[in-house]
Amino acid sequence: MSKLKPIPRRERGQVLVWVAILLPLFLALTGLVFDGGIMWQQYMRARWAASAGCVAAASEIDPQVFQDTGRMVLKLPEAPQTAFNYAAWNDPDLYLTSVYVREENATQQIVAEGYTQIEPVFLRMFGVTGFRATVRAVERPAWGVVSAGE
Amino acid sequence: MLGRKKRPGQSYVEFVLVLPLLLLLVAGVIAFGQAFYVKLATQAAAWSGARHAIATVNGQRGVWQGYTAPRYTLAGFGVNPETAQVTVAADVWGRGTNVQVQVCYPVPAPPVPFGDRLIPTNICSQTLMPTYKWKAKW
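Residues numbered from 1 in each chain as written. Chains lettered and ligands numbered in written order. Predicted model: local features only at pLDDT ≥ 70, side-chain atom pairs only at ≥ 80, totals over all residues.

Asker: What exactly am I supposed to notice about the overall build of chain B here?
Answerer: A tally of regular secondary structure across chain B gives 3 helices and 3 strands. Listing every helix and strand of chain B by position from the N terminus yields α-α-β-β-α-β. Taking 138 residues into account, the globule formula puts the C-alpha radius of gyration at 14 Å, and chain B, at 24 Å, lies well above it. Projecting the C-alpha coordinates of chain B onto the three principal axes gives extents of approximately 90 × 25 × 20 Å. Looking at chain B residue by residue over its 138 residues, the buried ones come to 38%. Counted over contacts in chain B with a minimum sequence separation of 6, partners at least 24 positions apart contribute 63%. (Helix = DSSP H or I, 4+ residues; strand = E, 2+ residues; numbered from the N terminus. Rg over C-alpha atoms; globule rule 2.2 N^0.38 Å. Buried ≥ 20, exposed ≤ 12 C-beta atoms within 10 Å, placed from the backbone. Contact = placed C-beta atoms within 7 Å.)

Right under this line is the structure:
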C-alpha cells in the first residue's frame, strides 16, 4: 500500500486562492439573484395592479348611451379615474402616465400605461440606482349589457 | 520553519474551512429564490381570485369563486394550494362594491443565521377590485 504523497510546497494554499477568485463571483451571483428577484417581483406587481385598474375601469359603462344607441361606451372621465384609483391601491409604487379609451373593431378598450421605479440592492453598490419598468394593460367591457335595463 | 514542513491534507482543511461559507451562500440563494417565487405565485393567485370573485353579485358564490380560483393558480405554479390561506373580504356585496382577496403562503425560514428575519415566513399578496356593475347574466 502506497503512502499518500505530501502536497508539494508550491501547491499549498491552492484552495484559498481558488476561494479568493471564486468568492466574489459567488457573492455577485447571489446579489444578482436577489436583485433579479426583486425587480421581477416589482414588475409583476405593477402589471397586476395596472390590469386590476383596467378591469375596474372596464365596468364603468354608460347605461344611458347604451339605452339610447345600443352601444357600449365607457363613461368619461369616470373610467380612467377608476383605473387610476384601483391601480394605486394595488400598487402604490405604480405611476400611471396615461389611461385612455380607444376603439378597435367598433369595440371600446381601456388602456393603462405607466411605469414603476425599481430600486436594486446589490447593483446600487456599482452605481445603478434604479430601473424604470414600463407596464401596459388593456381591458374591454366585454361582459357588458346586452339589453336595455340590465 | 513551520511553513516549510510537509503538511499533507492542507487542501482539505482549507476546503472544510471554506465550505460553510459556500453552503451559506447556496442556502441563501435557494431561500431567496423560493421566497420570490412564492411571492409571484401569491400575487397571481390574489389577482385571479379577485377577478373571479367580482364576476357575480351573489356574495356566497363570489366568495366561493374568490376562494377557489387562487387555489388553481397556485397549483399551476407548482405550489401546494392546501397550505395557502385565502381570504375574500367585502363589506357588502353588490354592483360596484369592493372585493379584496388576500392569499398568504407560509415558507420555511432559510437555514441561515437570522433567516427568519431576512425573509418573511408568511408571504402575502392582496388584490382589490370592484364587482361588475353591468353584466348580461349574473
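There's plenty left to go through after this.
Asker: Would you mind showing me how to read unusual backbone geometry here?
Answerer: Glycine aside, residues mostly have negative phi, and peptide bonds are mostly found in the trans state. Going from Leu76 of chain A to Pro77 of chain A, the amide bond is cis rather than trans, its omega being 5°. With respect to the helices and strands, Pro77 of chain A occurs in the loop between α2 (63–69) and α3 (78–90).

Asker: Please explain the packing of helix α1 (residues 14–57) of chain A against α3 of chain A as it appears in this structure.
Answerer: The geometry of a pair of packed helices is captured by two quantities: the angle between their axes and the separation between those axes. Residues and elements named next belong to chain A. Across the interface, α1 lies against α3 with an axial gap of 7 Å and an inter-helix angle of 145°. For α1 against α3, the interelement crossing comes out right-handed. In contact with Trp48, Ala49, Ala50, Ala52, Gly53, Cys54, Ala56 and Ala57 of α1, α3 contributes Ala79, Pro80, Thr82, Ala83, Phe84, Tyr86, Ala87 and Asn90. A class-by-class count of the residues in the contact of α1 with α3 yields 13 nonpolar, 3 polar and no charged. (Axes fitted to C-alpha atoms, helices over the stretch in contact; angles between N-to-C directions. Left-handed = near helix turned anticlockwise from the far one by under 90°. Nonpolar A, V, L, I, M, F, W, Y, C, P; charged D, E, K, R; others polar.)

Asker: Got a minute to help me understand the packing of helix α1 (residues 10–53) of chain B against helix α2 (residues 59–76) of chain B in this structure?
Answerer: All names here are of chain B. Closest axis-to-axis distance for the α1/α2 pair is 7 Å, and the angle between their directions is 150°. With respect to their mutual orientation, α1 and α2 come out roughly antiparallel. Crossing geometry of α1 relative to α2 is assigned as right-handed. In this structure, α1 contributes Ala41, Ala44, Ala45, Ala46, Ser48, Gly49, Ala50, His52 and Ala53 to the contact, and α2 contributes Gly62, Val63, Gln65, Gly66, Ala69, Pro70, Thr73 and Leu74. Its residues assigned to classes, the contact of α1 with α2 comprises 10 nonpolar, 7 polar and no charged. (Parallel < 35°, antiparallel > 145°, perpendicular 65-115°, else oblique.)

Asker: Sorry, what's going on with the sheet that holds strand β1 (residues 94–104) of chain A here?
Answerer: Paired through backbone hydrogen bonds, the strands of a sheet run either parallel or antiparallel to each other. Residues and elements named next belong to chain A. Within the open sheet, the 3 strands sit side by side as β1-β2-β3. Their pairing is antiparallel. Unpaired on one side and paired on the other, β1 and β3 (131–139) mark the two borders of the sheet. Strand-to-strand twist in this sheet, taken as the mean axis angle between neighbours without regard to direction, amounts to 15°. Relative to strand β2 (residues 107–118), β1 is paired through 10 bridges, and the arrangement is antiparallel. Following the sheet pairing, Leu94 is matched in β2 by Thr116. Where α1 meets the sheet, it contacts β1, β2 and β3, and its direction lies at approximately 30° from that of β3. Against the sheet, α3 contacts β1 and β2, and its axis sits at roughly 145° relative to β1. (Pairing = 2+ DSSP bridges.)

Asker: Is there a simple way to explain the pairing of strand β1 (residues 85–89) of chain B in this structure?
Answerer: The side chains of a regular strand alternate between the sheet's two faces. All names here are of chain B. Burial of the side chains of β1 is restricted to one face: Val86 and Val88 are buried, whereas none of Gln85, Thr87 and Ala89 on the reverse face is. Bridge count between β1 and strand β2 (residues 98–106): 5 bridges; the pairing is antiparallel. Paired with Val86 across the strands is Val103, a residue of β2.

Shape is all these values report; function is a separate question.
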